[in-house]
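Here is how the chains run, residue by residue.
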Amino acid sequence: AGWIGIYALFLIVKPVSRRAVTALRSPIRVALAGWLTPAALGAVQMIALFGVLSIALGFSFAHPLPTLGILLLASATFAAIILALNVWLGSVGQFVGLVLMVLQLVTAGGTFPWQTLPAPLAALHQVLPMGYVVDAMRQVMYGGSADRAWLDVAALGVWLVAALVIAILGVTRMTHRRTMRDLQPSLIG
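Source: prediction; values computed, not measured. (Residues numbered from 1 in each chain as written. Predicted model: local features only at pLDDT ≥ 70, side-chain atom pairs only at ≥ 80, totals over all residues. Heavy atoms only, no water.)

Caption draft 1: Examining the packing of helix α1 (residues 2-12) against helix α3 (residues 27-56) more closely. Put simply, α1 and α3 touch, their axes get as near as 10 Å, and they point 135° apart. Considering their axes alone, α1 and α3 lie oblique with respect to each other. Here the hand of the crossing between α1 and α3 comes out right-handed. Here G2, G5, I6, L9 and F10 of α1 lie close against α3, whose contacting residues are G34, P38, L41, G42, Q45 and M46. Residues that form the contact of α1 with α3 fall into these classes: 6 nonpolar, 5 polar and no charged. (Axes fitted to C-alpha atoms, helices over the stretch in contact; angles between N-to-C directions. Helix = DSSP H or I, 4+ residues; strand = E, 2+ residues; numbered from the N terminus. Parallel < 35°, antiparallel > 145°, perpendicular 65-115°, else oblique. Left-handed = near helix turned anticlockwise from the far one by under 90°. Contact = heavy atoms within 4.5 Å. Nonpolar A, V, L, I, M, F, W, Y, C, P; charged D, E, K, R; others polar.)

As structure tokens, this is what we get:
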């Protein structure tokens, strides 16, 4: 739900303000501003999801606060990844985000055991972030291994930081490659 929500948001909202890039704002500030709004909206989405699961459906969690924390971290990580894809690849990045979503839904192990996948897809489980989210959620929801959950959280943290750094580098590249259209944008878009 987190990836789909962030993906849909980036279909509607421009990931980076061209005006801020053109005004030579700090690439770090521009990239973080492009990430913070989707991350905040994703956090609202995850809190609502947690509320529906715990209150409306009566689902009990072995560790409710760590469960919510992982949901929030996952949403922020997904927002950073999709931002980086959009900054570097534009509309192609949107398509890559969709492909990644489908690959992760298959390889994450949320609907069926990832161990039953063919070797190339099983290898993706060890790399893509959604697999770490599913594993961490299982650990905290059902009272599993805290050490294993922390390893999954660390992997998500690496994905988050790497995606933000890549997005910042992409915005930096944008500030160095401006055209006359960027400096004097069309009135009709």
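On we go from here.
Caption draft 2: The packing of aromatic side chains, seen in detail. Applying the stated criterion to the full structure yields 3 aromatic pairs. Taking 4.9 Å as the distance between ring centres and 20° as the angle between the ring planes, the aromatic pair formed by F50 and F61 counts as stacked. Of the two residues, F50 is situated in helix α3 and F61 in the loop between α3 and α4 (64-89); the sequence distance between them amounts to 11 residues. In terms of burial, F50 and F61 fall into one category: buried. (Phe/Tyr/Trp six-rings, centres within 6.5 Å; stacked < 30°, edge-to-face > 60°. Buried < 20%, exposed > 50% of the residue type's maximum accessible area, 1.4 Å probe, protein only.)

Caption draft 3: Quick peek at the side chain of T77. Positionally, T77 belongs in helix α4. A relative accessible area of 0% places T77 in the buried class. Sequence-distant contacts of T77, that is, excluding residues within four places in its chain, are made with L156, W159 and L160.

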